Amino acid sequence: MKPIEKYNPAVLFLYFLLLASIAMFATNPVMVGIAFAAMNLTAVSYTRDGLGRAYLFFFVIFILTSLANPIFSHNGVTVLLVVNDNPITLEAVLYGVMTGIMILSVLLLFRVFGTLMTSDRLLYIFGRAFPKLGLLLSMTLRFVPLFGRQRRKIENTQRTLGLYKNENAIDNIKGKLSVLSAMTTWGLENGIVTADSMSARGYGIKRTRTSFSMFRFERSDAVMLTLIIISCGFIFLGIAMDRLKTDFYPRMQLPPFSLYAIMCYVIYAGLAFLPLAAKIRDRIIQRKVFGQE
Amino acid sequence: MVVIGNSAIRKILRILIPFFAVPAAVLAGVYVFEDKMYAYVSLLITILSVVLFISGFERRETGSRRMVIVVVMTVLAVVGRFIPVIKPVAAITVIAGVYLGGESGFLVGAITAVISNFFWGQGPWTPFQMFSWGLIGLGAGIFGKYLKKNKPLLYAYGAISGVLFSVIMDVWTVLWNNEDFSYDAYLAAIASAAPMTVLYAISNIIFLILCFDTIGKKLDRIKTVYGI
Amino acid sequence: MEIIRVEDLNFKYADGKQALKNINFSLEEGEMLCLCGPTGSGKSTLLRLLKRELSPRGEKSGNIFISGRRQDDLSDREAATDVGFVFQRPDMQIVTDKVWHELAFGLENLGVGQDEIRRRVCEIAGYFGMESWFERSTDSLSGGQKQLLNLASVMVMQPKLLILDEPVSQLDPIAASDFIATIGKLCREFGISIIAAEQRLEELIPASDKLLAISDGEIAAFGETRECVGTLISNEIFSSSMPASAKIYMNLTGSYKEESTERGKERTGAASDGSATAGFAELPLSVGEGRRFLSEYIKKHECAPEVVKAVDFAKAPEAPEDAKTSEHMKRSELAKTPEDALEFREVYLKYERNGRDILRALSFKVGKGEIFCILGGNGAGKSTAVCAAAGLFKPYSGKIKVFGKDIRDYRGQELYRSCVAMLPQDVQTVFVSDDYNGRHPYDLSGGEQQLAALEIVLKTEPKLLLLDEPTKGLDAGLAQSLRKRLKELAAGGVTIVIVSHDVEFAASTADRCAFLFNGEVVSVSDAGEFFTGNYFYTTAYNRITRGILKKF
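The shown structure was predicted, so the numbers you read here are calculated from the model rather than taken from an experiment. (Residues numbered from 1 in each chain as written. Chains lettered and ligands numbered in written order. Predicted model: local features only at pLDDT ≥ 70, side-chain atom pairs only at ≥ 80, totals over all residues. Heavy atoms only, no water.)

(A) Representation of the overall build of chain A in the model. Broken down by element type, chain A carries ten helices and two strands. Sequence-ordered secondary structure for chain A, helices as α and strands as β, is α-α-α-β-β-α-α-α-α-α-α-α. For 293 residues, the compact-globule estimate of 2.2 N^0.38 gives 19 Å, and chain A exceeds it by more than 25% at 26 Å. In terms of overall dimensions, chain A has C-alpha extents of about 70 × 60 × 50 Å along its principal axes. The burial tally for chain A puts 53% of its 293 residues in the buried class. Of the contacts made within chain A by residues no fewer than 6 positions apart, 73% connect residues no fewer than 24 positions apart. Positive and negative side-chain charges of chain A, numbering 31 and 16 respectively, have mean locations separated by a distance of 8 Å. (Helix = DSSP H or I, 4+ residues; strand = E, 2+ residues; numbered from the N terminus. Rg over C-alpha atoms; globule rule 2.2 N^0.38 Å. Buried < 20%, exposed > 50% of the residue type's maximum accessible area, 1.4 Å probe, protein only. Contact = heavy atoms within 4.5 Å. Lys, Arg positive; Asp, Glu negative; His and termini not counted. Charge placed at Lys NZ, Arg CZ, Asp CG, Glu CD.)

(B) Region of the structure containing a nonpolar patch on the surface. Residue and element names in this part refer to chain A. There is a patch of nonpolar side chains on the surface, built from L80, L81, V83, L90, L94 and M252 and spanning about 460 Å² of accessible area. At the level of elements, β1 (79-83) and α4 (90-116) are the ones that each hand at least two residues to the nonpolar patch. Broken down by element, the residue count for the nonpolar patch peaks at three residues, all from β1. Judged by relative accessible area, which is 33%, M252 ranks as partly exposed. (Patch = residues over 30% accessible without salt bridge, like charges linked within 9 Å, V, L, I, M, F, W, Y side chains within 5 Å. Areas by Shrake-Rupley, 256 points an atom, 1.4 Å probe, with all protein chains shown as cover. Salt bridge = Lys/Arg side-chain N within 4 Å of Asp/Glu carboxyl O.)

(C) Region of the structure containing empty space enclosed by the protein. Taken as a whole and judged by the stated rule, the model has nine cavities of 30 Å³ or more. Each pocket or cavity is described by its volume, and for the largest cavity that value is around 100 Å³. Elements that contribute at least two residues to the lining of the largest cavity include exactly α5 (119-129) and α6 (131-160) of chain A together with α3 (99-110) of chain C. Ranked by the residues each element gives to the lining of the largest cavity, the list is headed by α5 of chain A, at four residues. Classifying every residue of the lining of the largest cavity gives six nonpolar, five polar and five charged. (1 Å grid on protein atoms, 1.4 Å probe; cavity = no way out; pocket = protein on both sides within 12 Å on 5 of 7 lines; lining within 4 Å. Points joined across faces, edges and corners; volume = space filled by probe spheres on them. Nonpolar A, V, L, I, M, F, W, Y, C, P; charged D, E, K, R; others polar.)

(D) Summary view of the environment of L107 of chain B. Relative to the helices and strands, L107 of chain B is located in helix α5 (residues 102-120). In this structure L107 of chain B comes out as buried when scored by relative accessible area, which is 2%. Separated by 38 residues in sequence, L107 of chain B and I69 of chain B place their C-alpha atoms 11 Å apart. Ignoring anything within four residues of it in the chain, the contact list for L107 of chain B reads L136 of chain A together with I54, F57, V70 and T112 of chain B.

(E) Region of the structure containing the sheet that holds strand β12 (residues 359-367) of chain C. All names here are of chain C. With antiparallel pairing, the four strands of this open sheet are ordered in space as β12-β11-β14-β15. Each edge of the open sheet carries a strand with a single partner, namely β12 and β15 (405-406). Taken together, the six bridges between strand β11 (residues 340-349) and β12 define a ladder with antiparallel strand orientation. Opposite L342, over in β12, you have V366 as the bridge partner. Its contacts with the sheet place helix α14 (residues 382-389) against β11, β12 and β14 (397-402), and it is angled at close to 120° to β11. (Pairing = 2+ DSSP bridges. Axes fitted to C-alpha atoms, helices over the stretch in contact; angles between N-to-C directions.)

(F) Looking closely at the packing of helix α1 (residues 9-25) of chain A against helix α8 (residues 219-240) of chain A. All names here are of chain A. Running from N to C, α1 and α8 cross one another at 15°; their axes reach a closest spacing of 10 Å. Considered as vectors, α1 and α8 are oriented roughly parallel to each other. In this structure, α1 crosses over α8, and the sense of that crossing is left-handed. Taken together, the residues of α8 that come into contact with α1 (itself represented by V11, L14, Y15, L18, S21, I22 and F25) are D221, M224, L225, I228, I229, C232, I235, F236 and I239. Counted by class, the contact of α1 with α8 contains 14 nonpolar, one polar and one charged residues. (Parallel < 35°, antiparallel > 145°, perpendicular 65-115°, else oblique. Left-handed = near helix turned anticlockwise from the far one by under 90°.)

(G) Examining the interface of chain B and chain A more closely. With 54 residues of chain B at the interface, the matching set in chain A holds 55 residues. Remark: the boundary between chain B and chain A carries two salt bridges. At the junction of chain B with chain A, the criterion picks out twelve residue pairs in polar contact (both at pLDDT 80 or more). When residues of the side of chain B that touches chain A are traced back to their parent elements, those giving at least two are α2 (37-59), α3 (64-80), α5, α8 (151-177), α9 (183-192) and α10 (194-225) of chain B. Looking at the side of chain B that touches chain A, the element that brings in the most residues is α3 of chain B, giving 13 residues. Its residues placed into classes, the side of chain B that touches chain A shows 33 nonpolar, ten polar and eleven charged. (Polar contact = N/O pair within 3.5 Å; in protein donor to acceptor, adjacent residues only side chain to side chain.)

(H) Local environment of helix α9 (residues 244-253) of chain C. Within α9 of chain C, nine of the ten residues are buried, which leaves it mostly tucked inside the rest of the structure. Taken together, the buried positions of α9 of chain C are A244, S245, A246, I248, Y249, M250, N251, L252 and T253 of chain C.

(I) Highlighting the sheet that holds strand β13 (residues 371-376) of chain C. Residues and elements named next belong to chain C. Here six strands make up an open sheet; going across it, the order is β16-β17-β18-β13-β19-β20 and the pairing mixed. Unpaired on one side and paired on the other, β16 (420-423) and β20 (520-526) mark the two borders of the sheet. Adjacent strand axes in the sheet meet at a mean angle of 20° when their direction is disregarded. Contacts from α14 reach β13, β16, β17 (464-468), β18 (495-500) and β19 (512-517) within the one sheet, and its direction differs from that of β18 by about 150°. Along the sheet face, helix α15 (residues 446-458) touches β16 and β17 and points at about 165° away from the line of β16.

(J) Just α1 of chain A, in detail. All names here are of chain A. Helix length check: α1 (17 residues) gives 24 Å between terminal C-alpha atoms against 24 Å at 1.5 Å per residue, within 8%. Across the 17 residues that make up α1, a large majority, 13, are buried. The N-cap residue of α1 is N8: its side-chain oxygen and the backbone nitrogen of A10 are 2.9 Å apart. Trailing α1 by a residue or two, T27 shows a phi angle of about 50°, which is positive. (Expected span 1.5 Å × (residues − 1).)

(K) Here's a closer look at the confidence of the model for chain B. All names here are of chain B. Counting all residues, the mean pLDDT for chain B is 83, and 80% of those residues have values of 70 or more. Confidence, expressed as mean pLDDT per element, reaches its minimum in chain B at helix α1 (residues 7-32) with 61 and its maximum at helix α4 (residues 89-100) with 96. Here residues 1-5 scores under 50 on pLDDT; set against residues more than four positions off or in separate chains, the count is four contacts. Here the predicted complex carries an ipTM of 0.86, next to a pTM of 0.88. (pLDDT = per-residue confidence, 0-100.)

(L) Representation of the interface of chain C and chain A within the structure. Facing 61 residues of chain C, the contacting portion of chain A comprises 56 residues. Regarding the contact of chain C and chain A, the summed buried area is about 5200 Å², with carbon and sulfur atoms giving 57% of it. For chain C, the biggest contributors to the area lost against chain A are M92, N109 and R118 of chain C; these three give 14% of the whole. For R209 of chain A, the salt bridge identified is with E108 of chain C, shortest N-O distance 2.9 Å. Among the elements of the structure, α2 (76-82), α3, α4 (114-127), α5 (143-155) and β16 of chain C are those that each provide at least two residues to the side of chain C that touches chain A. (Buried area = accessible area lost by both parts, 1.4 Å probe.)

(M) Summary view of the confidence of the model for chain A. On average, chain A scores 88 in pLDDT, and the residues at 70 or more come to 98%. Ranking the helices and strands of chain A by mean pLDDT puts helix α9 (residues 259-272) of chain A first, with 94, and β1 of chain A last, with 83.

(N) Expanded view of the packing of aromatic side chains. All told, the structure shown has 36 aromatic pairs over all chains when counted by the stated rule. Their ring planes at 90° and their centres at 5.1 Å tell us that Y95 of chain A and F248 of chain A sit as a pair that is edge-to-face. With Y95 of chain A in helix α4 and F248 of chain A in the loop between α8 and α9, this pair connects stretches of sequence that are 153 residues apart. The class of Y95 of chain A is buried, set by a relative accessible area of 5%. Ring plane angle 55° and centroid distance 6.1 Å describe the contact between F110 of chain A and W125 of chain B, whose orientation is recorded as tilted. Of this pair, F110 of chain A sits in helix α4 while W125 of chain B sits in helix α6 (residues 125-142), each in a different chain. Judged on exposure class, the residue F110 of chain A and its partner W125 of chain B are both buried. (Phe/Tyr/Trp six-rings, centres within 6.5 Å; stacked < 30°, edge-to-face > 60°.)

(O) A look at unusual backbone geometry. All names here are of chain A. In this chain, Y249 is followed by P250 through a cis amide linkage whose omega measures -5°. Tracing the sequence through the fold places P250 in the loop between α8 and α9. Positive phi, close to 70°, is recorded for D85, a residue that is not glycine. Of note, D85 is situated in the loop between β1 and β2 (86-89). With a relative accessible area of 71%, D85 lands in the exposed category.

(P) Molecular detail of the pairing of β17 of chain C. All names here are of chain C. With respect to burial, β17 is a largely interior element, five of its five residues being buried. The side-chain alternation of β17 yields two buried faces, one formed by L464, L466 and D468 and the other by L465 and L467. Bridge count between β16 and β17: four bridges; the pairing is parallel. Across the sheet, residue M422 finds its bridge partner in β17, namely L466. In this fold, β16 hands off to α15, which returns the chain to β17; that crossover is right-handed. (Right-handed = clockwise from strand over helix to strand, strands pointing away.)

This is the structure:
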C-alpha cells in the first residue's frame, strides 16, 4: 500500500464517492458510527489547518439537522412532548441525531476529499471524460490567480491616482466597481493573446483532442480499484437486500447483527480507515528509512 | 441517440430533455423510491443533465476566442464570489448568457461552481450548483433578445433566478437531511432560506443594474473587434 | 533548403490601412533572421501573416512559401506544427495551469496519444532544464521562466520555423540574454530557422545571420546582418537602434564605405568570422568585436585615446555622459537646496511577518527637480522601493520623507493630491475608462499606451513623479520621446524617480543613479561617473570603451 494521495485520481475519486454514498444511504447507525470515527481521525491527520473553525460550523449544522427531523417528522410511538398539537417523538429525535452524525461525517469526508483531490486530480478525471471542459477548467484555474494579481495591481495604481477619494463606503464601492470594470476590460482585451496562442498551437484543428495528464494507472491502482469495487459491491448488495436496514419507525430497532451485516461492518471499517492506515504505515516506513526525525 | 431530422425539433428536445424531463424525473423519483433513494436519484439525475449538456458542448466546435471569453467571464464570477454578503455570480452568468448565448452562459455558471468550490469546499452540492447556475445562464441565453431590450424584464429575470437557485438548492437540502420528502420540511427549508433567497434576488438585481451595460459594452466591442 | 520565401507580399487591413508593400525575402534552413523596424512599421503584421492561423483579416496578395509549398496548401496539422510562434507577453500566452500541461497543450490539440505526449513533454522539459519546476503552477513562475515555457511548449511540436514577436521586450536584461542565447542554440544545434522581431537589438543582431528592416510597411534593407547594419547605420530611422559597436565604428571611420574598402585591402586578420561579405567584415557588431576594433584603431592611427574619444563624441548624436549639459548643472544646483523631494532613511520592509526583508536599511535622498534613477537586478527591491515611496507598502522600521514630511503624516488622499504620482510597471492598470481622447486605450499600441498612461498620471499634477520600468517594450524612437517629456517635466520643477533595468535609458536621462542590491543602495553617483564605474551593470558603450578610452 502506498500513501493514499499517490493513487490514481480516478481510484481516489471513486473511493470517496462510494464511501460517502454508503454512509448516506445505508441508514444504519453502526455504519454511520464507523464513518464518523474514521472521518474525524482522518480529517485530523490530513487537514489540520483551520479544522477548528470547520468544526464550529459543522456543529451548527449538526444541531440544525438533528432538530429539524423531530420538528417535521411525527412518526414514531414514544411521544416525548407535544408542541402545538404536534408530537415530538423519541424515534424522530434519534433519527435526527443519526442524520446529523451522518452529515457531519460526510462533511468531514468532503473536507479530506477537497484536500486530496487537488485541482489537477479533478481535472484529470473531468478531462478524460470531457477534454474540452477539462481545458476550460484548466484555463480558468490558470486565470484566477492572474486576475487576483491584476486586481491588486489595479487597486494600487488607482489608489495613487486618487480613485478612493474619501474613505467612505460609497466611494469605496464605486472604486471597487471601477476596478472590476477595468479588470474585465483587461481580461477580455488581453485574452485575445491567449486565444491566438491557442490557435498557433493548433487548437481546434482536430475535433477530438486528447487530454494529457501526468497521472498513470499503475498495477497498485488496479489492485486498489478491484478491492474497492468488490467490497463496496458487497455492502451495496446488503443494502439492496435490506440486510443492513435499521428501522426507526414506528419504534427504533437495534441495527442488524447477522453474519452478513457484521461482515459489512468490518469491510466498511477497513475501507473507511484506509487513508489513516496508509498515513500511519507511511510514517513508520519513513522513520525506518530515514531514522527518527 | 435517435436521429431527428428537423434541427428545430432537435434543438427544442435538447433543451426539453435535460431541463424539464429531468426535474420531472426527480419529482417522480421522490414518490417512487423509498427512503433516501430519491436523494440519490436526484443527485444522479442532476449530474446526468449536466453531463448531457456538456456532451453537447464537447461535440461542437468552439473557437479559441470564445473559449477565452467564457473563461474570462467565469474568472470574474469566481473572483466575485469572494465579495462579502452580495455575490455577483448569477448576475455575471446572466450577462454571459445574454451576450454570448445560452451555451456559454451555461458553461460560465457551471464552471464557476466547480472552480469556486476549490476555495469554498467541494461536496455533493457541487453538481446542484452547477446545474442551478448553468440553468440561469442557459435561460438568459434563450431569452437574451428580450432581456437585452427590456430592463425591467432583465431585473425580473435576475430576481427569479435568485429564487430559482434557492429553490433548487433547497430541494437538495431537504432530500439530504430528512428521511422523507415532505412538503412541510421543504416549505420550512424555503422559509428558513428566505432571507438568503431575498439576498440572492437583490444582489442579482444590484449587480445587473451596475454591471449589465458596462460589461455588455465590453463584450460587444470584443465580439466586433475580434470577430466572434 | 529554403524554409521560407515571401514573394511580393502586400497586405491591406479591413479598415483600408496599407500595412505591407512589396515584401520579398527568403530564409535558409538553420538561419536566424532579425526583423527590425520602429513601432507601427508592420513588423507584427508581417510575422502574423507568416503563421496561417494568426493571419489578420484583410486584403492579401503575393505568396508565402513554407519549405517550398504555398502556405495555403499546407494541411491544418502542418500549418500548426511546422511554424511555431512565440508572442511578446509571457503571461498572456500561457493557456493552462500547470507547467507540464502547458507543454502538452499543443500535442493534445493534435490528438497525440498519452504515451507519445509523455515522452515528448518529458524530453523537452529535460532539454530546457525545467525538471525542478515541471510540476509547478504556471502562475508561480518568473517572467523569464514563463517565456522559456512558452518557447518550450512551441518547440514540443517540433517546428521547422520559429517566429518570435518581441519575445524579450517584457523581460529583465539577464532573462533576455538567456532567452536569446537559448534560441541561438536551437538555431545552431537543431537547424531550426528563426525569425525574431525585437526593439532592443544590441544582443540579437550579433546572434543573427540575416537582417530584415522594414519601415512603413516597406523593406528598408534585407541581407547579411553586417551588410545591413552597414546600410542602416546611416539611416535616420534605424541608426539609433543599431549596436553600439557599429555606432562607434561609424563615428570613427566617418563614411563607412570608403573606410571599409580601404581597410578591406590591408586586413590585419582581426574581427572577421568569414561569413560576412568581404568589405563588410570589419564592421563590429558585438561588444567583443567593438573592443577589438577600438584597440586596433588606436594602435593603427597612433593617436591618444582622448583624441579618439573626442572624435567619437563629436559625431555621436547623443553620447551618453557628455549629453549632460548645462541644464543638468542647473538642476544639480537646485538639488543642493536644503529640502529634499524624497528621502529614505534606513527603511526596512517585508511583505510577510516571517518573510525576508525586501528593503534593508535603504537610505537615499533625491533633491528637488532631479532625475534620479534606481538600477538593479531582479528582486533587488526596486519596485518595492517606489511603491513604498508612493505609500502603497508600509515599512516596519525607518522613515520615508516626502518633501520633508513623514509619509505617515499625510492624511487620506493628501499624498496623491498634486504631490506624488506613480506610473506603474503595468501601465494597463492606469486605464479605468474605456475612452482615452476618443479612442479605446487598448486600441493603442504598447508604446502609445505607455505615453497615454503617463499623461493620465500627470493629470494629478505631481511634484514628485515615480516611474517603474517606463521603457519596457518601447522602441528607440518612443524611448526618445519619453526622455524628452521627462526632461521637460524636470525643467518645470518636477522631481522624477525612475526605477529601471534599462541602463541605456538611465544613462541618457538621469542626473544621478543608484545601484540597488538585495534591498540596499550599494552606490550612488552622477550618471556619467556611475556608468563608467560599473563593470557589468553599464551601457554597451561603456563596456566597449572601458579601459581603452577611459581608465578605470
